[in-house]
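Chain by chain, the residues:
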Amino acid sequence: MIYIALGANIGDRARQLSAAIDEMERTGLHVTKQSSVYETAPVGYTEQPSFFNMVVEVESRQSSDELLNTLQQIEQRLGRERLFKNGPRTIDLDILFYNGEDIQSEHLTVPHPRMQERAFVLAPLAEIAPELVVRGRTVASWLEGLSMTDRQDVVRLQLLTNLVK
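Cut-offs used in this document
Residues numbered from 1 in each chain as written. Predicted model: local features only at pLDDT ≥ 70, side-chain atom pairs only at ≥ 80, totals over all residues. Heavy atoms only, no water. Helix = DSSP H or I, 4+ residues; strand = E, 2+ residues; numbered from the N terminus. Buried < 20%, exposed > 50% of the residue type's maximum accessible area, 1.4 Å probe, protein only. Expected span 1.5 Å × (residues − 1). Arc of directions from axis to C-beta. Phe/Tyr/Trp six-rings, centres within 6.5 Å; stacked < 30°, edge-to-face > 60°. Lys NZ or Arg CZ within 6 Å of the ring centre and 35° of its normal.

Visitor: Would you explain the overall build of the protein chain in this entry?
Guide: Secondary structure summary: the protein chain contains five helices and ten strands in total. In the protein chain, which comprises 165 residues, the share counted as buried stands at 51%.

What follows is the structure in structure tokens.
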């Protein structure tokens, strides 16, 4: 399976997530599961609005490089500008896990290198794939291992639980 993290903190965040899912489907990625939407505090550069984050499971015949290219094209179509690292964004699409492969290339590292440190990734991923093993541990155990401080700024939004039409 392939897992992709989605995040947005500029404009209508829920609409951006929904548009990204629509674009994934339009470009041949089949969304098979999706987490709830979580409102999360920014990490790194904190002088920006909070994020809406979620994770989707997709099926695709694309190679990891093709998938990365597809996701970057979706980001561009949805107005993503890379002004500076960890800055605000209309949409951010990250490959977290690609069919159990370890990928180390100039443009892509999978599993995502910092996912086990980030509650805003682990909470939605644990919702749809708690038993997924990443770096020798389940996603649920990685999430449980985070401090309450790390988890407190990740709030599940009950009203935005299903963005796929």
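Okay, back to it.
Visitor: I keep staring at helix H2 (residues 64-77) and nothing clicks. Help me out?
Guide: At 3.6 residues per turn, the α-helix brings residues three or four places apart onto the same side. Its 14 residues place the ends of H2 20 Å apart at the C-alpha level, agreeing with the 20 Å of an ideal helix rising 1.5 Å per residue. For H2, the set of buried residues is Ser64, Leu67, Leu68, Thr70, Leu71, Ile74 and Glu75. For H2, the angular spread of buried residues about the axis comes to 160°, placing them on one side. Positive phi appears at Gly79, one or two residues downstream of H2, with a value of about 90°.

Visitor: Hey, could you run me through the packing of aromatic side chains in this one?
Guide: Note on aromatic pairs: each is described by the distance of the centres and the angle between the planes. Summed over all chains, the structure comprises one aromatic pair. The interplanar angle of 55° and the centroid separation of 6.3 Å between the aromatic rings of Tyr3 and Phe97 together place this pair among those described as tilted. Separated by 94 residues along the polypeptide, Tyr3 in strand S1 (residues 2-8) and Phe97 in strand S5 (residues 92-98) bring together distant segments of the chain. The same class applies to Tyr3 as to Phe97, namely buried. Lying over the aromatic face of Phe52, Arg13 brings its terminal NZ or CZ to 3.8 Å of the ring centre. Across from the ring centre of Trp142, 4.1 Å away, lies the NZ or CZ of Arg137, which sits over that ring.

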